[in-house]
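Overview (structure and organization)
If you want the building blocks of each chain, they are given just below.
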Amino acid sequence: MTAEPEAVPSVRISCAFAPSFSTPDHIALAEDLGYDRAWCYDSPALYGDTWMMLAMAAARTSRIGLGPAVLIPSLRHPMVNAAAIVSLAELAPGRVAAAFGAGFSGRYTLGEPPMRWADVGDYVRTVRSLLQGAEVTWKGAVIKMLERNPVDVPLLIGADGPKGRAVAAEVGDGVFGSGRPPLGDDLPSWRGVLTFGTVLGDDERLSDERVMDAAGHALAVVYHGSYERSGADAVDHLPGGRLWREEVEAVSPERRHLVVHEGHLARITDRDRAAVQAGIDLLPQVSFTGTAAELRERVMRFQEAGVTEIAYQPAGDDIPGELKRFIAAVG
């Protein structure tokens, strides 16, 4: 008798947002459309406050999961984030999770590199202890959350590299990768992937303005990240990269970090547009852009790789339309 193949776990479809005052309405729509969870970025130089938008969304929803992804520890004392997590959990009981990371745009836009992963791990351990009602020592002082009941909230780690994944294995209830599945037998079973892009219509081309508006930012961030992490040579090897770099480097060094990430994951800037147009054929490779059939096939590959959640971030002038197109294609 032939053994039946092992079932592939189903993958949850969630959404993510570069938060603005429209985000609570978009999260309410996502709940109506059947999305499992809504995450909000934590990058205060670029977007609205993640906790404020999540609190507003909690008041407008009843089912969808809510949480920040990812919180940058250096932006707040651990007590501040612990108190915010407890407050959101009181507004949305049983629906809250929070993710932490070393920082990308949330630190680069402040002129700082990502944090040391050891420091991220210490911070998450401290927040977890505070949520459990324990006393913990932080920077030489004993602290405890007073007059608040302990809460059990999953804490995830946003990590793509080995050091971050090691922290996720040690202190996380889950792990988030960006664009690709987080791999490793020692990782938590909650394994998410952040994606951005758009569903292509049968007659649409990558260079069409709607596609550029909805997904061009997903290619622009490749230039941003390559420049910050690997330097000028890496950018120059990308289509249109040299022109993009020369425009960025025309800005004085002390202000350059303000322009590299302008429009990050939200829109294409005039500075980014020429490079994105030159490299537009790369868009399906670096983002979740393709026809509905192509995206469904990619979801299946993610499932087979152990991914349990896909968080799709819509962008452009028609975020409600992007949410509808994506869930119709893969939900």
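The preceding data block contains the structure.
What counts as what
- Residues numbered from 1 in each chain as written.
- Predicted model: local features only at pLDDT ≥ 70, side-chain atom pairs only at ≥ 80, totals over all residues.
- Heavy atoms only, no water.
- Helix = DSSP H or I, 4+ residues; strand = E, 2+ residues; numbered from the N terminus.
- Rg over C-alpha atoms; globule rule 2.2 N^0.38 Å.
- Buried < 20%, exposed > 50% of the residue type's maximum accessible area, 1.4 Å probe, protein only.
- Contact = heavy atoms within 4.5 Å.
- Phe/Tyr/Trp six-rings, centres within 6.5 Å; stacked < 30°, edge-to-face > 60°.
- Lys NZ or Arg CZ within 6 Å of the ring centre and 35° of its normal.
- Salt bridge = Lys/Arg side-chain N within 4 Å of Asp/Glu carboxyl O.
- Disulfide = S-S within 2.5 Å.
- Pairing = 2+ DSSP bridges.
- Right-handed = clockwise from strand over helix to strand, strands pointing away.
- Core = buried A, V, L, I, M, F, W, Y, C linked by side-chain atoms within 4.5 Å.
- Axes fitted to C-alpha atoms, helices over the stretch in contact; angles between N-to-C directions.
- Parallel < 35°, antiparallel > 145°, perpendicular 65-115°, else oblique.
- Left-handed = near helix turned anticlockwise from the far one by under 90°.

Counting its regular elements, the protein chain contains 14 helices and 12 strands. For 331 residues, the compact-globule estimate of 2.2 N^0.38 gives 20 Å, and the protein chain sits close to it at 20 Å. Once the C-alpha set of the protein chain is aligned to its principal axes, its extents read approximately 65 × 55 × 45 Å. Residue burial in the protein chain is summarised as follows: out of 331 residues, 53% are buried. Residue pairs in contact within the protein chain that sit at least 24 positions apart in sequence constitute 66% of those at least 6 positions apart.

Let us look at the packing of aromatic side chains. Counted by the stated rule, this structure contains 10 aromatic pairs. Judged by centre distance (5.8 Å) and plane angle (75 degrees), the rings of Y227 and W244 are edge-to-face. Here the residue Y227 occupies a position in helix α7 (residues 209–230), and W244 occupies one in helix α9 (residues 241–249), the gap between them amounting to 17 residues. W244 matches Y227 in its accessibility class, with the two residues each being buried. Aromatic ring contacts, followed pair by pair, group F288, F302, Y312 and F326 into a single cluster. When the ring centre of W190 is taken as reference, the NZ or CZ atom of R12 above it lies at 5.4 Å. Sitting above the plane of the W39 ring, R37 keeps its charged end 5.7 Å from the centroid.

Attention now goes to the pattern of salt bridges. Inspection of the entire model under this criterion finds 22 salt bridges. Residues D119 and R116 are paired through a salt bridge, measuring 2.9 Å at the closest nitrogen-oxygen approach. Residue D119 is classed as partly exposed on the basis of its relative accessible area of 32%. One salt-bridge network, in which partners are shared between bridges, spans E204, R210, D318, E322 and R325.

This paragraph deals with the state of the cysteines. Throughout the structure, instances matching the rule amount to 0 disulfides. The thiol sulfur of C15 is not disulfide-bonded, and the nearest other cysteine sulfur, from C40, lies at 8.5 Å. Classification of C15 by relative accessible area gives buried; the value is 0%. With a relative accessible area of 0%, C40 lands in the buried category.

Turning to the pairing of strand β2 (residues 37–40), a few remarks are in order. Burial of β2 is two-sided: the residues R37 and W39 facing one way and the residues A38 and C40 facing the other way are all buried. Judged from the 3 bridges that link them, strand β1 (residues 12–17) and β2 form a sheet pairing that is parallel. Bridge assignment links A16 to a residue of β2, and that residue is W39. Following the chain from β1 across helix α1 (residues 23–33) to the adjacent parallel β2, one finds a crossover that is right-handed.

Counting through the fold element by element, T269 comes out in the loop between α10 (256–260) and α11 (270–278). Setting aside residues up to four positions removed in sequence, T269 forms contacts with E262 and G263.

A few words now on the nonpolar core. Considering soluble globular proteins, one finds that nonpolar side chains tend to be buried as a cluster. Formed by 64 residues in total, the largest nonpolar core has its most connected members in Y35, L66, I85, F100, L155 and F326. Leave out the neighbours within four places in its chain, and Y35 touches I13, S14, C15, A30, R63, I64, Y312, L323, F326 and I327. In terms of nonpolar packing, the next biggest core, distinct from the first, is built from 40 residues, L194, A215, V259 and L265 among them.

As a further point, take the packing of α1 against helix α14 (residues 319–330). Running from amino to carboxyl end, α1 crosses α14 at an angle of 20 degrees, the nearest separation of the two axes being 10 Å. The angle between α1 and α14 falls in the class roughly parallel. Crossing geometry of α1 relative to α14 is assigned as right-handed. Contacts from H26, L29 and L33 of α1 reach α14 at I319, P320, L323, K324 and I327.

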